[in-house]
Amino acid sequence: MSDTTTSPKSAPLPVEEIESAVIRFAGDSGDGIQLTGMQFTTTTAFAGNDLATFPDYPAEIRAPVGTTAGVSGFQIQFSSRQVLTPGDAPDVFVAMNPAALKANLHDIKKGGMIIVNKDTFNAANLKKAGYPDGKNPLEDGSLSEFRVIPVELGRLTRNALDGMGLTATETERCKNFFALGMMYWLYDRPMAATLKWIETKFKKNPKYVEANHKALHAGNAYAETAEIFGHHFRVNKAPIKPGVYRNITGNEATALGFIAASSVCGRPLWYGSYPITPASDVLHELSKNKNFGVKTFQAEDEIAAIGSAIGAAFAGHLALTGTSGPGVALKAEAIGLAVMTELPLVILNVQRGGPSTGLPTKTEQADLFQAMYGRNGECPAIVVAAATPGDCFTMAYEASRLAVKYMTPVFLLTDGYLANGSEPWLIPDASKLAKFDAPALPPVSEFKLYKRDPETMARPWAAPGTAGYEHRLGGIEKQDVTGNISYDPDNHERMVRLRAAKVNKAAQDIPPLEILGEKKGKVLVIGWGGTYGAITAGVQNLQKAGKSVSAVHLRHLNPLPPDLGDIMANFEHVVVPELNMGQLLKIIRAKYLVPATGLNKIKGQPFKVTEIEAGVDAILNGGK
Amino acid sequence: MADNKDEMEILPAAGPIVQTAKDFKSDQMVRWCPGCGDFAILATVQKIMPTLGIPREKIAFVSGIGCSSRFPYYMNTYGFHSIHGRAPTVATGLKCANPDMQVWVVTGDGDGLSIGGNHLIHALRRNVDLKILLFNNRIYGLTKGQYSPTSEIGKKTKSSPMGTIDAPLNPIALALASEASFVARAVDTDLPFLGEVLTRAAKHKGSVFIEIFQNCIVFNDGAFESVVAKDVREDRMMKVAHGKPMIFGAKKDKGIVLNGLEPEVVTFDPANPPKNLLIHDEKAPSATLANFLAHMGEPVPQGVFRAVERPMLHEMMDAQIDQAKTAKPADLQKLLTGPETWTVAA
């Protein structure tokens, strides 16, 4: 970044081409930060950059105004090359108030640009943000490592909207668009998409359309004429696979994956759920799409949510229940019932920081053991996990397919980072989605409730209403083949082993792992879930530096991919980065008896690329 | 289905369906204690089933955990023996997924009122078309004799050797508070009357709650004997019927009048009936009269307390889906594409 330009005022300001940029907006949770971020994202996507976003918002809807507890943030990385994460340290940071500055300063790149809403840096707000009396970071030199650009956002917005007859509050609400207009100028972006969005959003209130348009234009013009930035940047189009794209969050993609699965297998979708952060958006998305025959049921509690799904699965629906870790804890007994009755059921866990209520709006990967083992008895279920926001579509579809094909509960693990993060998504061709359904029902004369399909070991799925197949299911141990109640010791052991064998059968559906890098070398990094981007970017950086590092990313966690053991055997060290205390690590150590090393972070925040690089590099150097 | 023969099998038989009680008996041995009240209830249910004109594949019994919850295994219909307290949730999913099914829930005072109390009230208030039968024996049977949420205060059991200190709840009042659209009570020793109540319940459209006084011969024998014994029941219980005056007694010589807001037993002489004798109205828009009966004490009312109609959950769910389909036909590709796209050229 360079700011030495001294061009004459009349000439257009120069443009500097840069490869990538990371920017973060932050302000009070009522400041419209998420909205501003999403608008910048849409415009960036339309401009042809690759990108990834990460919203970071507080658990409180409206925490006390002006405090660090109420700071909401939105970060985006965009680039003319492949983008795998929302970026480590922002190059440009927009702080709407002192609390936003205080809460985020430690993340901002040294030498980076900080645009602050100067109007808010008064004694009262500084005090609310927790700055000592009489201390103003804009004046005391504490920001000398950054390029600080104070902008009177409030006053300038008021000037721009003067005479429109808006109330002070209405005017105040437009200041985020003033800031967005400035950012559009800084990154040489067209404003058409946002102008159109404003028209649609406020179509019932033309005054707001005009006000927000004015604020956006005013911010843009201010950035140019006041020459506060000196010059602007251009991030060229990224070499992205050709096709039609949209922006998608993980929760949206999850919902679409479920609807697609329901459409393709021809079974109506049932979603039993109880509102919980960060999974509620899946319930909202599905509820919007009842025209697909989607039945959403907002239950009285987590147990009723899964109970209703089990009832719908019994009735022949594609049945799902969605929640986060605390909800899965409540559903545990019912998951056991679905395992025992061998009904297809997808349990979505959008993981958050735990234990207990933990960190509801923050991300973590600490529910893998819960999915694997968190029930009474020997109670196996298939476990899959999505790697990116867009991959949530693929894995929601995969979870549904496996559940129906193998007649078993399947856990789909995503996390808060994937759920709310977004990325450009190559829109799939609906006609090319893989067809699937349960094995065909045998004729009545050959029907036995627990007589298994030879290929999948699935039992027949005879829905109530079908004459001749009347049967009773239940949670008491089943006699092999007949499905009658049985307390026979030998039968119990046989059934425990059969249930485990059936889940393991799903390994035959897992495609070979893709190895990032050489097939043989010093270190193999094994990741799973939402850490994909950071791990991939970190490993690519190490590879560019000539290090002998490869990576595989697991999307199937139970059963594990059948080729994983052979792949590991070709490396001297195995490193498993996880946002937990080492859960996949312990599974891998136990199953393969390899001395794998963990690389763990439990801060409620995703990995930074540099953390992966440093952690893996330490192992390369230390040889351990 | 390609095979015509199979297709024939799944179609309902033309004309009236001929089924007998035997058609509803499964091949499983019934395993309740000899003398258990559950036998009589099972026999009565099996007896009324053929009279409903519903083929057995369109009927499902769903239960939780407890002695009563073994019920589905003995019915040759579809059935689901789920987990403790959760039967209404499974039944809700089943009913809404396949509204053609007639879904019965069999539960007990522990399963339905203790661990599953939350699901019970929500299934009733949503007006899910479920026929919920609560076998109330005022004790935990399957866990061998602890007090239940309907055990009388002071009751000595294995878990309350000095007597319970928990006040019992009133199942009928709870069902009424939950806005169940059909609320009734019957007794396991008066089978013709139980059969009548069950038949009416089967024909009711909406959430049904029936409390059935049921004797546990092992852990709480005679729990209701003081009111249900043959020699006293006419005087200590009262059968209510819609539009009929509230009279009872072996000689039909007693009636109920309102004294302030409390019931008062008065002598009933048909030649000179008391002019303020209460008339039962199960269809009253408010549940006031039903609540009055629920809290009456003796005579213990039985029969239908309340029977009103309101939209059922599955109807409203399907109506919204139809409405959504009419407004916007399902197009998966359009959904995946979303409102805003951009094209990356080759």
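Here the residue numbers are simple positions, counted from 1 along each chain's written sequence. Chain labels run from A onward and ligand labels from 1 onward, assigned in the order the entries are written. Totals for whole chains, interfaces and linings use all residues, but because this is a predicted model, local features are given only for residues with pLDDT of at least 70 and pairs of side-chain atoms are given and counted only at 80 or more.

J.: What is the right way to look at the overall build of chain B in this model?
T.: Helix and strand definitions follow DSSP, with helices as H or I runs of at least four residues and strands as E runs of at least two, each counted in order from the N terminus. Secondary structure assignment for chain B yields twelve helices and twelve strands. Referenced to the eigenvectors of the C-alpha coordinate spread, the extents of chain B come out at roughly 90 × 50 × 45 Å. Exposure in this text rests on C-beta crowding, where 20 or more other C-beta atoms within 10 Å of a residue's own make it buried, 12 or fewer make it exposed, and counts in between make it partly exposed. The C-beta atoms are placed from the backbone. A buried classification covers 44% of the 346 residues belonging to chain B. By the criterion used throughout, residues are in contact when their C-beta atoms, derived from the backbone, lie within 7 Å. If you take every contact in chain B between residues at least 6 apart in sequence, the share linking residues at least 24 apart comes to 65%.

J.: For this particular structure, what's the right way to read the overall build of chain A?
T.: From N to C terminus, chain A includes 20 helices and 22 strands. Between the two quantities, the radius of gyration covers C-alpha atoms and the globule rule is 2.2 Å times the number of residues to the power 0.38. Relative to the 2.2 N^0.38 estimate, which gives 25 Å for 624 residues, the radius of gyration of chain A is 27 Å and therefore close to what a compact globule would have. Counting across all 624 residues of chain A, residues that qualify as buried make up 54%. A separation of at least 24 residues holds for 75% of the contacts in chain A among residues at least 6 apart in sequence.

J.: Sorry, what's going on with helix 19 (residues 583-592) of chain A here?
T.: Side chains three or four residues apart in an α-helix point the same way, a direct result of the helix having 3.6 residues per turn. Residues and elements named next belong to chain A. Taken together, the buried positions of helix 19 are Q583, L584, L585, I587 and I588. Where helix 19 is buried, its residues meet helix 13 (368-373), strand 18 (521-528), strand 21 (571-578) and strand 22 (597-600). Positioned one or two residues after helix 19, L593 has a phi angle of 55°, which is positive.

J.: Would you explain the nonpolar core in this entry?
T.: Side chains of nonpolar character tend, in soluble globular proteins, to be buried together. Note on definitions: a nonpolar core is a set of buried residues drawn from Ala, Val, Leu, Ile, Met, Phe, Trp, Tyr and Cys, linked by C-beta atoms within 7 Å. Counting 262 residues, the largest nonpolar core has A:I310 and B:L94 as its most contacted members. When residues in this core are grouped by element, the largest group, ten residues, is from helix 14 (residues 391-406) of chain A. Apart from residues lying up to four places away in sequence, A:I310 is in contact with A:A319, A:A334, A:L337, A:A338, A:L343, A:L345, B:V90 and B:G93.

J.: What am I meant to see in the sheet that holds strand 5 (residues 182-187) of chain B here?
T.: Adjacent strands of a sheet form backbone hydrogen bonds with each other and so pair up, either parallel or antiparallel. Whether two strands pair depends on DSSP finding at least two bridges between them. Strand order in the open sheet formed by nine strands is 17(A)-2(B)-1(B)-3(B)-4(B)-6(B)-5(B)-11(B)-7(B), and the pairing between neighbours is mixed. Pairing within the sheet leaves two strands with one partner each, and these edge strands are strand 17 (472-474) of chain A together with strand 7 (237-240) of chain B. Here the strands of the sheet are splayed against their neighbours by 20° on average, with no regard to which way each runs. Alignment of strand 1 (residues 59-63) of chain B against strand 3 (residues 102-108) of chain B, held across five bridges, turns out to be parallel. Directly across from B:A60, in strand 3 of chain B, lies its bridge partner B:V103. Axis lines are fitted through C-alpha atoms, for helices just across the contact stretch, and the angle between N-to-C directions can take any value from 0 to 180 degrees.

J.: In this structure, what is going on with the sheet that holds strand 22 of chain A? I would like to understand it.
T.: Residues and elements named next belong to chain A. Strands sit in the order 19-18-21-22 across an open sheet of four strands; the sheet is parallel. The two strands at the open ends of the sheet, each matched to only one other strand, are strand 19 (549-554) and strand 22. Pairwise comparison of adjacent strand axes, ignoring direction, gives a mean angle of 25° for this sheet. By the bridge criterion, six bridges tie strand 18 to strand 19 in an arrangement that is parallel. By the bridge assignment for strand 19, V523 is matched with V549.

J.: Just to check I follow, could you spell out the interface of chain B and chain A for this structure?
T.: Frequently, the measure chosen for interface size is the accessible area that the parts lose on association. Facing the 55 residues of chain B at the interface are 57 residues of chain A. Breaking the side of chain B that touches chain A down by element, the ones donating at least two residues are helix 1 (4-10), strand 2 (78-81), helix 3 (87-97), helix 5 (117-125), helix 11 (313-327), helix 12 (332-337) and strand 12 (342-344) of chain B. The greatest single-element share of the side of chain B that touches chain A, amounting to eight residues, is contributed by helix 3 of chain B. Polar here means any residue outside two lists: the nonpolar Ala, Val, Leu, Ile, Met, Phe, Trp, Tyr, Cys and Pro, and the charged Asp, Glu, Lys and Arg; Gly therefore counts as polar. Split by residue class, the side of chain B that touches chain A holds 27 nonpolar, 18 polar and ten charged. Pairing of strand 9 (residues 243-249) of chain A with strand 12 of chain B involves three bridges; the strand directions are antiparallel. Within strand 12 of chain B, the residue paired with A:G243 across the bridge is B:V344.

J.: I'm lost on the pairing of strand 6 (residues 113-117) of chain A in this one. Help?
T.: Consecutive side chains of a regular strand alternate in pointing toward one face of the sheet and then the other. Residues and elements named next belong to chain A. Burial of strand 6 is extensive: five of the five residues sit out of reach of the surface. On strand 6, burial covers both faces: M113, I115 and N117 on one face and I114 and V116 on the other are all buried. One ladder, built from four bridges, connects strand 5 (residues 92-95) with strand 6; its direction is parallel. What sits directly across from F93, in strand 6, is I114.

J.: Any chance you could explain the pairing of strand 14 (residues 382-385) of chain A here in plain terms?
T.: All names here are of chain A. Of the two faces of strand 14, the one carrying I382 and V384 and the one carrying V383 and A385 are both buried. Bridge count for strand 14 against strand 15 (residues 409-415) is four bridges, and the pairing is parallel. Among the inter-strand pairings, A385 is bridged to a residue of strand 15, identified as L413. For the handedness criterion, the strands are oriented away from the viewer, and a crossover whose path from the first strand over the helix to the second runs clockwise is classed as right-handed. In the classification by handedness, the crossover that spans strand 14, the intervening helix 14 and the parallel strand 15 is right-handed.

J.: Please explain unusual backbone geometry as it appears in this structure.
T.: Glycine aside, residues mostly have negative phi, and peptide bonds are mostly found in the trans state. The omega torsion across A:N558 and A:P559 is -5°, close enough to zero to call that bond cis. Residue position: A:P559 is located in the loop between strand 20 (556-558) and helix 18 (564-568). Of note, the amide linkage connecting B:E298 to B:P299 takes the cis form, showing an omega dihedral of -5°. Examined against the element boundaries, B:P299 turns out to sit in the loop between helix 10 (288-294) and strand 11 (300-307). You will see that A:L593, though not glycine, has its phi angle at about 55°, which is positive. Here A:L593 lies in the loop between helix 19 and strand 22.

J.: Quick question: what am I supposed to make of helix 5 of chain B here?
T.: Buried residues of helix 5 of chain B: B:H119, B:L120, B:A123 and B:L124, and no others. Along the axis of helix 5 of chain B, the buried positions cluster into a sector of 130°, meaning they face one direction only. In this structure, the buried residues of helix 5 of chain B make contact with helix 11 (302-314) of chain A together with helix 3, helix 4 (109-115), strand 4 (130-136), helix 6 (171-177) and strand 6 (208-213) of chain B. Remark: B:N127 follows helix 5 of chain B within two positions and exhibits a positive phi of approximately 55°. Working note: the arc is built from the helix axis to C-beta atom directions.

J.: How should I be thinking about the packing of helix 4 (residues 153-160) of chain A against helix 8 (residues 206-225) of chain A in this particular structure?
T.: The angle between the axes and the distance between the axes are what describe a pair of packed helices. Residues and elements named next belong to chain A. Two elements in contact, helix 4 and helix 8, have axes separated by 9 Å at closest approach and are oriented at 120°. Relative to helix 8, the element helix 4 lies oblique. Seen along the crossing, helix 4 lies across helix 8 with a hand that is right-handed. Contacts between helix 4 and helix 8 involve L156, T157 and A160 from the former and K214, A215, A218 and Y222 from the latter. Split into classes, the residues belonging to the contact of helix 4 with helix 8 amount to five nonpolar, one polar and one charged. Comment on the angle field: the value is read as roughly parallel under 35 degrees, roughly antiparallel over 145, roughly perpendicular from 65 to 115, and oblique elsewhere. For a crossing to be left-handed, the near helix must be turned anticlockwise from the far one by less than a right angle; the clockwise case is right-handed.

J.: When you look at the environment of A:F146 in this model, what are you seeing that I'm missing?
T.: Residues and elements named next belong to chain A. Within the secondary structure, F146 sits in the loop between helix 3 (123-128) and strand 7 (147-151). The exposure class assigned to F146 is partly exposed, which follows from the 16 C-beta atoms found within 10 Å. Along the chain, F146 and M113 lie 33 residues apart, while their C-alpha atoms are 6.0 Å from each other.

J.: Sorry if this is basic, but what is going on with the confidence of the model for chain B here?
T.: When pLDDT drops low, the exact placement of atoms in the prediction is not to be read closely. All names here are of chain B. Mean pLDDT over chain B stands at 94; residues scoring 70 or higher make up 95%. Looking at any residue, its pLDDT shows the predictor's confidence there, from 0 to 100. In this model, residues 1-13 is a region of pLDDT below 50 whose contacts with residues beyond four sequence positions or in other chains number ten contacts. For this predicted complex, the interface score ipTM comes out at 0.95, while the overall pTM is 0.92.

J.: Explain the environment of A:D133 here, please?
T.: Along the chain, A:D133 falls in the loop between helix 3 and strand 7. When the C-alpha atoms of A:D133 and A:L585 are compared, they prove to be 48 Å apart, with 452 residues separating the residues in sequence.

J.: Can you help me understand the confidence of the model for chain A in this one?
T.: For chain A, per-residue confidence averages 94 on the pLDDT scale, and residues scoring 70 or more make up 97% of the total. Throughout residues 1-10 of chain A the model reports pLDDT below 50, and contacts reaching past four residues in sequence, or to other chains, amount to seven contacts.

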